[in-house]
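Okay, here's what each chain looks like letter by letter:
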Amino acid sequence: MAVLLREEGVVQCCQLSPFPASASLLAYSTGNLVVVAELAVDGTPTLTKKKTFQLQTEAVCLAWSPKTENNRRIVLCAAGSDHRLQILDVPFDHAHGEAGDSVVSHILQGHTNFINCCAFCHDGSLLASGGDDATVRLWSTLDGSCTKTIQLPSVCVSIAWYPAEATEDLLQFLVADAAGALRVYHRDALQPIYALQASSSPLAAADWGNEYICALSDAQLMAWEGRAPAPFARLAVEFGAGGKLKCGGRVHPNLIAIAGPTGAQLFSLQDRALVPRGLCPGHATDISWHVLRAVCVAAVGSHIFLLRV
């Protein structure tokens, strides 16, 4: 475990880009600031700030677009506490090696309560968002219009598109609600293709990895292998209220990263046990995997930590 950064205020969100073309980029938020930095993990890990955005309200969740490319362009979405989403588009200034002036390409309005999650599809043409108003909304990144609204029975806690490495339909996405239902939708339909039911609720988070669908409640970590309706594993995990969860990617498909009030932890689904080195105590507010390396980053208080597997 290594300290990458210490901010003056609490780091609310930290997300590494899940796309190989921008794998070294990290976005994090503190108050109404969103910072983009470049992560180097060889030798002594370092985090170099590239660009800072100042929003009108606190940034509550972040999402990377696949249109982002290292040293060429930054495209990401920031959801604010004012129930709006902003898509930020930043060209790089090659002459100075720094990010150029930011462009807010779209401000997306429609949610009537706090936004808990957002995610771009794999070609960047759509953004999905969900929140406390118990809706999931699909937005066109071309013109900023809301193309579809899905009404849920309870608060939406997580959204995840089908993993990019998969060979099946990339137009499907997972929606988890606080009541314990995990539903998979196609972007062109309002009815779910299939659904899974968690054994305990309220759900705090869920994610769709290369090999597993995982969900986290206050007391349990649940995992479903592939699309099988039967649970692959149930692990007793004590976390208290809230929490974030991320499935491992191509480098670490059997690992789950969890952030919550008791800290950041890594679990192995293969061993059904805690990864000994994957522990960072303190109130962890967010966690994210590197798509190409066996490391993840966690926001704990005013710090960002690097955890190696």
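As a starting point, this report considers the structure included with it. Chains are numbered independently. Their residues run from 1 in the order of the written sequence. At least 70 in pLDDT is required for a residue's local features to be given in this predicted model, at least 80 for side-chain atom pairs to be given and counted, and no such filter applies to totals for whole chains, interfaces and linings, which use all residues. Side-chain descriptors were evaluated using all non-hydrogen atoms of the structure, hydrogens and water having been removed beforehand.

Turning to the state of the cysteines, a few remarks are in order. Disulfide: a covalent bond formed between the sulfur atoms of two cysteine residues. Only a pair of cysteine sulfur atoms within 2.5 Å counts as a disulfide in this structure description. Summed over the entire model, instances satisfying the criterion amount to 0 disulfides. With no disulfide of its own, C14 lies 8.0 Å from the sulfur of C13, the closest cysteine sulfur. Whether a residue is buried, partly exposed or exposed follows from its accessible area with a 1.4 Å probe, protein chains only, as a fraction of its type maximum: under 20%, in between, or over 50%, in that order. In this structure C14 comes out as buried when scored by relative accessible area, which is 0%.

Looking now at the sheet that holds strand β12 (residues 126–131). Two strands pair under a simple rule: DSSP has to find at least two bridges between them. Under the DSSP-based scheme used, a helix requires at least four consecutive residues in state H or I and a strand at least two consecutive residues in state E, with every element numbered from the N terminus. The 4 strands are arranged β11-β12-β13-β14 in an open sheet whose pairing can be described as antiparallel. Strands at the two margins of the open sheet, each flanked by one partner only, are β11 (115–120) and β14 (146–151). Averaged over neighbouring strand pairs, the angle between their axes works out to 15° when direction is ignored. Where β11 lies against β12, 5 bridges are found, and the strand directions are antiparallel. Looking at the pairing, I115 lines up with G131 of β12. For helices, the fitted line uses only the C-alpha atoms of the stretch in contact; every axis is such a line through C-alpha atoms, and the angle between N-to-C directions lies from 0 to 180 degrees.

The sheet built from 4 strands is open, its strands ordered β2-β3-β4-β5 with antiparallel pairing. Of all the strands in the sheet, just β2 (13–16) and β5 (46–54) have a single pairing partner and so form its edges. Neighbour to neighbour, the strand axes of the sheet diverge by 20° on average, direction disregarded. Summarising the sheet, strand β4 (residues 33–40) and β5 pair through 8 bridges and their orientation is antiparallel. Bridge pairing links A37 to K49 in β5.

Any carboxyl oxygen of Asp or Glu within 4 Å of a side-chain nitrogen of Lys or Arg constitutes a salt bridge here. Here the structure, examined in full by the defined rule, presents 9 salt bridges. Notably, a salt bridge pairs D177 with R183, separated by 2.6 Å at the nearest N-O pair. Neither residue differs from the other here; D177 and R183 are each classed as buried. Note that K244 is salt-bridged to D286, the shortest N-O span being 3.9 Å. Here K244, found in strand β23 (residues 244–247), pairs with D286, found in strand β27 (residues 284–289); they are 42 residues apart in sequence, far enough to count as distant. Owing to a relative accessible area of 5%, D286 belongs among the buried residues under this scheme.

Below, the discussion takes up the environment of E225. Relative to the helices and strands, E225 is located in strand β21 (residues 220–225). Given a relative accessible area of 41%, E225 falls into the partly exposed group. Taking C-alpha positions, E225 is 6.1 Å from E211, a pair spaced 14 residues apart along the chain. Every residue pair with non-hydrogen atoms within 4.5 Å of one another is taken to be in contact. With near-sequence residues (within four places) excluded, E225 lies in contact with E211, Y212 and F232.

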